[in-house]
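Summary of structural features
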Amino acid sequence: MITRFTIAERQASLVLLLLMTLAGLAMAAAGAGDAMGVHGFIVLFASLGLIFVVGGALYDPAPTEDRSRAYYDDPIKVGIVLAMIWAVIAMGVGDWVAWMLAFPDLRFDGAWSGFGRMRPVHTTGIIFGFGGNALIATSFHVMQRTCRARLAGQIAPWFVILGYNLFVVMAVTGYMMGVTQSKEYAEAEWYADIWLVIVWVVYFVLYLRTLARRNEPHIYVANWYYMAFILVVAVLHIVNNLAVPASFTAAKSYSLFSGVQDAMTQWWYGHNAVAFFLTSGFLGMLYYYLPKRANRPIYSYRLSILSFWGITFFYIWVGSHHLHYTALPHWVQTLGMTFSVMLLVPSWASAGNALMTLNGAWHKVRDDATLRFMFVAAVFYGLSTFEGSFLAIRPVNSLSHYTDWTVAHVHAGAMGWVALITFGAIYAAVPMIWRRETMYSWKMVEWHFWLALAGTLIYVFAMWNSGIVQGLMWRTYTEGGTLRYSFLDTMIAMHPYYIARGIGGLLFLAGAVIGFINIWMTIRAVGSDSKVLDVPTESEAGEPAVPVAE
Amino acid sequence: MIGWLKKLYYPIQAGHYRLEKHSIGLTIGIICAAMIGGFVEIAPLFTIDETVEDAPDMRLYTPLEQAGRDIYVREGCYACHSQMIRTLADEVDRYGPYSLAVESKYDHPMLWGSKRTGPDLARLGGKYSDDWHVAHLIDPRAVVPESVMPHYAFLADAPLDTASLPARLTALRRVGVPYSDAMIANADRDAAGQAQPDSDGADGVFDRYGDATQVRRFDGKAGRVTEMDALVAYLQILGKLTDAAHQMETAGMTPETEAAQ
Ligand code: HEM
Ligand code: HEM
């Protein structure tokens, strides 16, 4: 991989890595005795390791060919492998915490393994580790192919992928050491947050510079979604993480906002993490890999426009549906509820657009598990957005809020939509990128598909049951007008559902492990002489970037 | 109707067709579309006075309680416990008067929570004795056999880091909590004093935080101040920073709670 760098680029990377090493050293020294010091050592060792990789190949022959004639797929490869590694880790932790809720002593003695510290390891690991790496890797793939241009820059893509993973590692190890801001999905502390801003700016500049090189007049739909993902996540991240550190040599900081303003800012962030991380970016994936794999054009250009701007505009308003009946002023709750219901229109427009694209290719859906992953993902996208709009209605939310019904909704979206579309996209992308005809084993893809689907269904049905049961028990009164059930009664009722969820999660995890093995075997089977399948071209003379309508 | 919509739509589509050729145009479009909602919903919360009620009796967290709050955050108690009683009849019957915005006025960050694996803790203060809390945190299943709460036995042996408290209170003052210079300067001493009633430090706590402040050995042991002291001190103040919620309830001024159907 280093051989694709010119000597000057290798030197530049070394300088960058040396700066990182120094930063790590400074953090380790200043933060000694605090978790920040441990993070300093992580930065230090990660940079040193990379210095050895780059330095060891410093004087290898420089590339002679014209690099702009080929796509740049090395960072994508690393991104996909990292996404799968995070998938296995974070789903493993997810299943572990699921079992902990059934059998609380299923843990180690150390404080690090308590539920409160491990739960964010699951959510961050899965959303940012698995989802984020998959988004970055596929965005690099999609933008090059739909622009017919090579990534702008040799070092920047590596900086984005590796820098991003450094952020996730700092976040996740931080929670285990008790470093957290306690804001859901934004738990990482101030220095990790600042680092992510730097990475993100480089990411967006890279995106714009690659778009500027495009050999295609129009920017394809998938890129709009990826752009919305990058841009809005940046704004959300910066505002919600505004905080004052107690000391610049320790991790602890205090949120700039308090109470009701903090709650609204947090859920403005929180739901738009759902919107622009877990939806927008993955819709970008869907808009490229689904038509590509089905070999059919997107059903409707008009629906694409409608749903894109609908999602971008409406989502921002809905955060307050997380705060129904709380101390948040009533008018904000009402706005949130109204926009949540309206949001169903662009959401179903996207899901419908995806499903109609498959119309006429149903035999492929039947035969090809990769396409089936994407099909089922689109169905779950439709289901979970419907459920979401329903849950956002105040009286419904009075029952569902605080219960496992929310968790059921989350995982219908997260497993059924986010994870399945990602697996579909990865199975579509891996052969393209590693230049093979197919995956190592299509049977393993089938196995993965059925395990993932079964796991999702078991998980979601178990949590629907437990959530609705618990919500109803909490509000049941006796004839005499007193509450019938103690909190403890409701907990005992949850127990069997928690076991069912643990089993569902295990199936889902098993699927992911099979997927990981399959991808690994596909990579291993690649010969160094395999043919380049596609190159940037000036015109559509070869194959169009995405299937187009007549 | 459809025809009319179509007439409206075609120029938009044509405009969009042009927009798609400009990455900066798209960037600006996305930023504009995505910023409006947040601005309309969040900015007024800082400017409209009625958003947060007045509560003249509202007091600050003492350094020991704030340290306990930081432990609550560190251990992720918020992942299982909410601190927000909604305006629903069954919640008020189960947990007490519903939460007011002013009660979390000094909470940086708020800990309202989103999942009740365990019960709401907004009005926990005074519900149980210190001993109950200590025993429960050391081994929840010894106290409540069906509990799925993790144990926090290590807190009882962990000495509290009081040295960093002045810096923590300073940071809190920067974000708007009105700690005085004397409170910041004495933060570490006050933290120790609040858990050691017979030490000299205890008087300072009363001076600075009022005579009603709870000063005692929260972990039941004399000697050093532990993280258990801090956490229990925090749990015992939950819902007791102001009496506003109870006053509202007895005055019958409550916007009526909504009965669950
Ligand atoms: C192996 C499969 C999985 C298992 C067993 C699992 C398990 C869990 C458990 C036990 C919780 C905590 C629920 C609670 O506090 O009551 C949770 C929360 C969560 N998980 Fe998963 N999970 C899995 C897959 C995923 C995936 C693939 C995603 C996202 C792409 C995801 C995203 C989340 C999120 C966002 C939450 C927080 C929910 C909330 O705060 O309401 N999970 N998961
Ligand atoms: C039209 C679209 C959607 C709407 C209106 C919607 C609405 C809602 C509502 C009302 C809640 C419950 C809030 C509460 O009571 O605390 C919620 C929670 C959640 N939803 Fe959705 N949802 C939508 C789509 C999705 C999708 C596609 C995902 C994908 C993963 C998702 C992920 C989540 C997560 C992670 C939470 C849990 C947040 C937390 O409490 O930590 N939602 N959503």
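Residues numbered from 1 in each chain as written. Chains lettered and ligands numbered in written order. Predicted model: local features only at pLDDT ≥ 70, side-chain atom pairs only at ≥ 80, totals over all residues. Heavy atoms only, no water.

A few points about the overall build of chain A
Put simply, the rule reads: Where helices and strands are cited, they refer to DSSP runs of H or I of at least four residues and of E of at least two residues respectively, numbered from the N terminus. Two things to know: the radius of gyration comes from C-alpha atoms, and the globule rule equals 2.2 Å times the number of residues to the power 0.38. The rule is simple: take the accessible area with a 1.4 Å probe, protein chains only, and divide by the maximum for that residue type; under 20% is buried, over 50% is exposed, in between is partly exposed. Residues are treated as being in contact if the distance between any of their heavy atoms lies within 4.5 Å. For this count, His and the chain ends are skipped, Lys and Arg are scored as positive, and Asp and Glu as negative. Where a charge sits is defined by one atom per residue type, namely NZ (Lys), CZ (Arg), CG (Asp) or CD (Glu).
In terms of regular secondary structure, chain A is built from 17 helices and two strands. Taking 2.2 N^0.38 as the reference for a compact globule, 550 residues should give roughly 24 Å; the C-alpha atoms of chain A span a radius of gyration of 24 Å, in line with that estimate. Looking at chain A as a whole, 64% of its 550 residues are labelled buried. Of the contacts made within chain A by residues no fewer than 6 positions apart, 82% connect residues no fewer than 24 positions apart. For chain A, the separation between the mean place of its 32 positive charges and that of its 30 negative charges on side chains is 4 Å.

Considerations on the site of ligand 2
Defined as follows: Each residue is tested against the molecule or strand, and it is near if at least one of its non-hydrogen atoms lies within 4 Å. Distance and chemistry together define a polar contact, namely a pair of N or O atoms within 3.5 Å, with one atom able to donate a hydrogen and the other to accept it when in protein, and with adjacent residues in sequence counting only for side-chain atoms on both sides. Classification convention: Asp, Glu, Lys, Arg as charged; Ala, Val, Leu, Ile, Met, Phe, Trp, Tyr, Cys, Pro as nonpolar; all other residues, Gly among them, as polar.
In the region of ligand 2, 27 residues are neighbours, and Glu184(A), Tyr185(A), Asn397(A), His401(A) and His409(A) sit closest. Chains contributing residues near ligand 2 are chains A and B. At a separation of 3.3 Å, an oxygen atom of ligand 2 approaches a polar side-chain atom of Ser114(B). At the level of secondary structure, the elements contributing two or more residues to the shell around ligand 2 comprise helix H8 (259-294), helix H13 (369-391) and helix H15 (404-433) of chain A. Taken together, the residues of the shell around ligand 2 sort by class into ten nonpolar, 16 polar and one charged.

Here we look at the pattern of salt bridges
The criterion, for reference: Within this document, salt bridges are pairs made up of a side-chain nitrogen of Lys or Arg and a carboxyl oxygen of Asp or Glu, the two lying within 4 Å of each other.
As enumerated under the stated definition, the model contains 27 salt bridges over all chains in all. One salt bridge connects Lys252(A) with Asp70(B), and the closest N-O pair in it is separated by 3.7 Å. You can see Lys252(A) sitting in the loop between strand S1 (243-245) and strand S2 (253-255) and its partner Asp70(B) sitting in helix H3 (residues 63-74), one on each of two chains. By the burial criterion, Lys252(A) is buried, and Asp70(B) matches it. In this structure, a network of salt bridges that share partners links the residues Arg117(A), Arg74(B), Glu75(B) and Glu227(B).

What to know about the domain arrangement of chain B
Our working rule: Domain ranges listed in this record stem from an automatic or a database domain assignment.
In terms of domains, chain B is made up of domain 1 (3-51) and domain 2 (63-251). A C-alpha centroid distance of 44 Å is found between domain 1 of chain B and domain 2 of chain B.

Section: the interface of chain A and chain B
Just so we agree on the cut-off: Using a 1.4 Å probe, buried area is obtained as the accessible area two parts lose upon being combined, added over both of them.
Across the contact, 93 residues belong to chain A and 87 residues belong to chain B. Roughly 8000 Å² of surface becomes buried between chain A and chain B when both sides are summed, with 66% attributable to carbon and sulfur atoms. Interface area lost by chain A to chain B is led by Tyr254(A), Tyr325(A) and Tyr402(A), which between them contribute 11%. In this assembly, chain A and chain B are joined by four salt bridges. Glu75(B) serves as the salt-bridge partner of Arg117(A), at 2.6 Å between the closest nitrogen and oxygen. At the junction of chain A with chain B, the criterion picks out 28 residue pairs in polar contact (both at pLDDT 80 or more).

As for the packing of helix H10 (residues 330-342) of chain A against helix H11 (residues 344-358) of chain A
All names here are of chain A. The criterion, for reference: Axis angles are defined between N-to-C directions and span 0 to 180 degrees, where every axis is a line fitted to C-alpha atoms and, for a helix, only to the segment in contact. Our angle categories are set so that under 35 degrees counts as roughly parallel, over 145 as roughly antiparallel, 65 to 115 as roughly perpendicular, and the remainder as oblique.
Axis separation between H10 and H11 bottoms out at 4 Å; the angle between their running directions is 25 degrees. On the basis of their axis angle, the class for H10 and H11 is roughly parallel. Together, Ser340, Val341 and Met342 of H10 and Leu344, Val345 and Pro346 of H11 make up the contact between the two elements. Each residue belonging to the contact of H10 with H11 can be placed in one class, and the counts come to five nonpolar, one polar and no charged.

Details of the domain arrangement of chain A
All names here are of chain A. Segmenting chain A into domains produces domain 1 (1-64) and domain 2 (73-242 + 255-523). Using C-alpha coordinates to define each centre, domain 1 is positioned 31 Å away from domain 2. Between domain 1 and domain 2, the contact holds 16 residues from the first and 17 residues from the second. Counting each side, the surface lost to burial between domain 1 and domain 2 is near 1500 Å², with a carbon and sulfur contribution of 80%. In terms of surface lost to domain 2, no three residues of domain 1 exceed Met1, Arg4 and His39, which account for 34% of the buried area on that side. Between aspartate 74 and arginine 4 there is a salt bridge, with its nearest N and O atoms 3.4 Å apart. Residue assignment for the side of domain 1 that touches domain 2 shows that the elements contributing at least two residues are helix H1 (7-30) and helix H2 (35-56). Of the residues forming the side of domain 1 that touches domain 2, the biggest block, seven residues, is contributed by H2. In the side of domain 1 that touches domain 2, the residues fall into twelve nonpolar, two polar and two charged.

Considering the coordination of the iron atom of ligand 1
Residue and element names in this part refer to chain A. As a reminder, the rule being used: Water is not among the atoms examined, so metal sites may look incomplete; donors are the N, O and S atoms within 2.8 Å of the metal, or within 3.2 Å for Na, K and Ca. Geometry is assigned from donor-metal-donor angles: four donors are tetrahedral when every angle falls between 85 and 135 degrees, four are square planar and six octahedral when opposite donors sit over 155 degrees apart with all other angles between 65 and 115, and any other arrangement is irregular.
Each protein donor to the iron atom of ligand 1 is listed here as His122 (NE2) and His411 (NE2); together their distances run 2.0 Å. In this structure, the iron atom of ligand 1 is surrounded by six donor atoms whose angles at the metal cover 86 to 179 degrees, and the resulting shape is octahedral. A residue pair is termed long-range when its members are at least 10 positions apart, and histidine 122 in helix H4 (residues 115-147) and histidine 411 in helix H15 qualify at 289 residues. Like histidine 411, histidine 122 is buried.

A short note on the site of ligand 1
Not every one of the 26 residues close to ligand 1 is listed here, only the nearest: Arg119(A), His122(A), Glu184(A), His411(A) and Ala414(A). Ligand 1 sits at the junction of chains A and B, each of which supplies nearby residues. In this structure, a nitrogen atom belonging to ligand 1 sits 2.8 Å away from a side-chain N or O atom of His122(A). At 2.8 Å, a side-chain N or O of His411(A) approaches a nitrogen atom of ligand 1. Sorting the residues of the shell around ligand 1 by element identifies helix H3 (74-102), H4, H15 and helix H17 (487-524) of chain A as the ones contributing at least two each.

Details of the packing of aromatic side chains
Residues and elements named next belong to chain A. Condition: Working definition: a ring pair exists when centres of Phe, Tyr or Trp rings (six-membered ring for Trp) sit within 6.5 Å. Plane angles under 30 degrees give stacked, over 60 give edge-to-face, the rest tilted. To sit over a ring, a charge needs its Lys NZ or Arg CZ within 6 Å of the ring centre and within 35 degrees of the ring normal.
Taken as a whole, this structure holds 46 aromatic pairs over all chains when the rule is applied. Relative to phenylalanine 277, the ring of phenylalanine 128 has its centre 5.0 Å away and its plane inclined at 75 degrees; by these criteria the two rings are edge-to-face. Pair noted here: phenylalanine 128 is in helix H4 and phenylalanine 277 is in helix H8, with a separation of 149 residues, a long-range link. The class of phenylalanine 128 is buried, set by a relative accessible area of 9%. Taking the relative accessible area as the measure of exposure, phenylalanine 277 reaches 3% and is therefore buried. Ring plane angle 80 degrees and centroid distance 4.9 Å describe the contact between phenylalanine 308 and tryptophan 309, whose orientation is recorded as edge-to-face. Here phenylalanine 308 and tryptophan 309 have matching classes, each one buried. Three or more aromatic residues link up through ring pairs in this structure, and these residues are Phe128, Phe140, Tyr164, Phe167, Trp200, Tyr203, Tyr207, Phe229 and Phe277. Here the basic side chain of arginine 372 rests over the ring of phenylalanine 449, its NZ or CZ set 4.9 Å away from the ring centre.

Considering the nonpolar core
The cut-off we apply is this: Buried Ala, Val, Leu, Ile, Met, Phe, Trp, Tyr and Cys residues form a nonpolar core when they are joined through side-chain atoms within 4.5 Å.
Counting 255 residues, the largest nonpolar core has Phe140(A), Trp417(A), Phe423(A) and Tyr179(B) as its most contacted members. Ranked by the residues each element gives to this core, the list is headed by H8(A), at 20 residues. The residues contacting Trp417(A), other than those within four sequence positions of it, are Leu278(A), Thr279(A), Phe282(A), Leu283(A), Leu286(A), Ala377(A), Ala378(A), Phe380(A), Tyr381(A) and Ala412(A).

Side note on the side chain of Arg107(A)
Along the chain, the position of Arg107(A) falls in the loop between H3 and H4. A distance of 3.4 Å separates a polar atom in the side chain of Arg107(A) from a polar atom in the side chain of Ser113(A). In this structure, Arg107(A) is in contact with Trp96(A), Met100(A), Ser113(A), Gly114(A), Pro150(B) and His151(B), ignoring residues within four places of it in sequence.

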